[in-house]
Amino acid sequence: MGIYLDHAATTPMSPAAREALVAQMSQVGNASSLHAFGRGVRKEVEQARESIATIACAHPTEIIFTASGTEANNLAIKGFYWKSIERDPSKNIIVVAAFEHHAILEPVVWLEEHEGAAVIYIPIKPEGVIDLDALAQIIETESEHIAVIAVMHSNNEIGTIQPIAEIVELAGGIPVHTDAVQSFGKVDFDFAVLGVRSAVISAHKIGGPLGVAALILEHGIDITPLLHGGGQERDIRSGTINAPSIVAFAAAAQSAAVDRVSNFERTWKLRESLKERILRAEPDATFNGRSEIMLPGILNVTFPNTESDSLLLLLDNAGIAASTGSACSAGVQRASHVLISLGLTEAQARSSIRFSLGSSTTQAEIDEVGSKIGSVVESARAAFSVGAGAKS
Ligand SMILES: Cc1ncc(COP(=O)(O)O)c(C=O)c1O
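Residues numbered from 1 in each chain as written. Predicted model: local features only at pLDDT ≥ 70, side-chain atom pairs only at ≥ 80, totals over all residues. Heavy atoms only, no water.

## Details of the site of the ligand
To be explicit about the condition: We define proximity as follows: a residue is near a molecule or strand when any one of its heavy atoms falls within 4 Å of that partner. In protein, a polar contact requires one atom able to donate a hydrogen and another able to accept it; more generally it is a pair of N or O atoms within 3.5 Å, and residues adjacent in sequence count only if both atoms are side-chain atoms. Each accessible area is a Shrake-Rupley estimate made with a 1.4 Å probe; only the visible protein chains count as cover when residues are assessed. By definition, any uninterrupted DSSP run of H or I lasting at least four residues is a helix, any uninterrupted run of E lasting at least two residues is a strand, and each is numbered from the N terminus. Classification used: nonpolar for Ala, Val, Leu, Ile, Met, Phe, Trp, Tyr, Cys and Pro, charged for Asp, Glu, Lys and Arg, polar for all others including Gly.
Taken together, 13 residues sit near the ligand, with Gly-69, Thr-70, Asp-179, Ser-202 and Lys-205 positioned nearest. The separation between a nitrogen atom of the ligand and a polar side-chain atom of Asp-179 is 2.6 Å. Between His-204 and the ligand, the recorded distance is 2.8 Å, taken from a side-chain N or O atom to an oxygen atom. When the free accessible area of the ligand is taken as 390 Å², the share hidden by the protein chains comes to 88%. Sorting elements by how many residues they give to the shell around the ligand places helix H3 (residues 69-87) first, with three residues. Residue composition of the shell around the ligand, grouped by class: two nonpolar, nine polar and two charged.

## Observations regarding H3
What counts is decided by this rule: In this analysis, the expected span of each helix is defined as 1.5 Å times one less than the number of residues it contains. Buried means the residue's accessible area, taken with a 1.4 Å probe over protein chains only, is under 20% of the maximum for its type, while exposed means over 50%, and partly exposed covers the values in between.
Over its 19 residues, H3 runs 27 Å from end to end, which matches the ideal 27 Å to within 8%, given 1.5 Å per residue. Taken across its 19 residues, H3 has 15 buried, putting it largely inside the fold.

## What about the domain arrangement of the chain?
To be explicit about the condition: Domain limits in this description derive from either an automatic procedure or a database domain assignment. The contact definition used throughout considers only heavy atoms, calling two residues in contact when any of these lie within 4.5 Å. We define buried area as the total accessible area lost by two parts upon association, computed with a 1.4 Å probe and summed across both. Whenever a carboxyl oxygen of Asp or Glu lies within 4 Å of a side-chain nitrogen of Lys or Arg, that contact is scored as a salt bridge.
The domains assigned to the chain are domain 1 (3-10 + 260-391) and domain 2 (15-258). On a C-alpha basis, the centroid separation for the pair domain 1 and domain 2 is 28 Å. Facing the 26 residues of domain 1 at the interface are 31 residues of domain 2. In total, about 2300 Å² of surface goes out of reach between domain 1 and domain 2, with carbon and sulfur atoms giving 52% of it. A per-residue breakdown of the area domain 1 buries against domain 2 is headed by Arg-260, Leu-295 and His-337, which together make up 30% of the total. In this assembly, domain 1 and domain 2 are joined by zero salt bridges. Summed over the shared surface of domain 1 and domain 2, the result is 13 residue pairs in polar contact (both at pLDDT 80 or more). When contributions to the side of domain 1 that touches domain 2 are tallied by element, the ones reaching two or more residues are helix H9 (260-281), strand S10 (298-302) and helix H11 (337-341).

## Details of the packing of helix H1 (residues 15-25) against helix H8 (residues 243-258)
Defined as follows: For helices, the axis comes from a line fit to the C-alpha atoms of the stretch in contact; other axes are also lines fit to C-alpha atoms, and the angle between any two N-to-C directions lies between 0 and 180 degrees. Note on terminology: angles under 35 degrees are roughly parallel, angles over 145 are roughly antiparallel, angles of 65 to 115 are roughly perpendicular, and the others are oblique. Left-handed is the label given to a crossing in which the near helix is rotated counterclockwise from the far helix by less than a right angle, and right-handed is the label when the rotation is clockwise.
Between H1 and H8, the least distance of the axes is 8 Å, while the angle of their chain directions is 155 degrees. Judged on the interaxial angle alone, H8 and H1 are roughly antiparallel. Considering how the two elements wind past one another, H1 and H8 form a crossing that is right-handed. Residues Ala-16, Ala-17, Ala-20, Leu-21, Gln-24 and Met-25 of H1 form the contact with H8, whose participating residues are Ala-243, Pro-244, Ser-245, Val-247, Ala-248, Ala-251, Ala-252 and Ser-255. The class makeup of the residues in the contact of H1 with H8 is 11 nonpolar, three polar and no charged.

So, in C-alpha cells, the structure goes:
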C-alpha cells in the first residue's frame, strides 16, 4: 500500500484495540439497562473508564465519552461559554490560541457569529509556542469578562507542546481548556498536575477505533450540555454510549501508555533521520516548530518554490502518504492558519507539508522517502515555475 506518514490524521488500529473491539461487539446490552446484559456491558465500560482515567491522571467520574474529539471540543467551548453567560452575561470573552485545530476555532467563530461571544486570539511566537506575555496582558485587562481560555496541549501541524501549567497559573480562576488529542498517549499528560478544567483525548490518534473520544471535565464543574436526552455521562452528554469502541479505546490507551517512553525514543529517532535525509536531498528545506519538548512524530517542512498540493500528489504517486494538516475547502488549498500564525508568508505556508510518523513507521520507509524526496521536490518545482510563468 505504500508508506503511511499521516499518523497525525489517524493511526492504524493496535492489535489489542482490534481484539477488544471484536470481543465487545459480540456482546449485547445497553450499558444503561438494568438487566444482566446491560450490567455486563456497564461493567466493561466502567473498567475502560477507569483505565483511561488512570492513564490520564484523572478521576473516572471526570471522563465523559463522546463520538469524536471534535464533539468533545465543541462541548467544552460551548458548554463553558453558555454556562458563563448564564451566570453573568458580561463574561462573554473567549480567549483562544491563534493556531488551534478547527475543532476549537470553528465553534468559537460560531459563538461569535450567533451567540454574542467576543473572541481574543493569543498570538504565537515564531518557534510555535503561545506568547505568554501577550496572554498575561489579555488576562490583566479582561479577567472580569473571560468565560474560558483554550490552548491546545500540542499542535497537530507542527508538533510543538504548549506551556499549559503556566497558562493555568496565569489564568487564576478562569477555566482553561486544552485539546490534548495529539498529546495523549505520546507525551507526558497529567490532567491533575496541569490543573486545567477540561481536556480532550481521541481514540483514533493512538491506535484506537474511529468515532470515540472523551472530554475530561474536572469533577464538580458544571457546563451546559450540547445534547439533551437520556442523561448519560453525568447528564453532560446524552446518547447511548458506544461500548465496543470505548473498551477498544481503553485497550489502545493501555498499549500506548505501556510503550510510551520507548515509542517516543523510537519515533523521535526516525523523525531526526527523516530530517537529516530531507536536508541531504534539499539543503534549502526549513522545518517549522521548535518547542523545548516536541511531539515525536510530527515533522513540518517548507520546500521553497513549490506548492504543497503538487508535493502531496507527487508523493502519493511515489507511494508516500503525507499531508498539509490544513483544511481543504472546495478543492482550493488554503495556506495553513497554523503556519501563518508563526509568521510564515502565504507563499511559505503554501509550500509546506507535514510528515507524521507513528508505530508502523520503519527506518526502511524513512530511507525510501529520503531516496525519493529529491526528485519529488524537483518535479514540484518544475510545476511551480510553469505555474508562475503562466501567471506572469
Ligand atoms: C488537535 C486536534 N484536535 C481535534 C481533532 C479532532 O478529533 P476527531 O478526529 O476525533 O474529531 C484533531 C484531529 O485531527 C486534532 O488533531
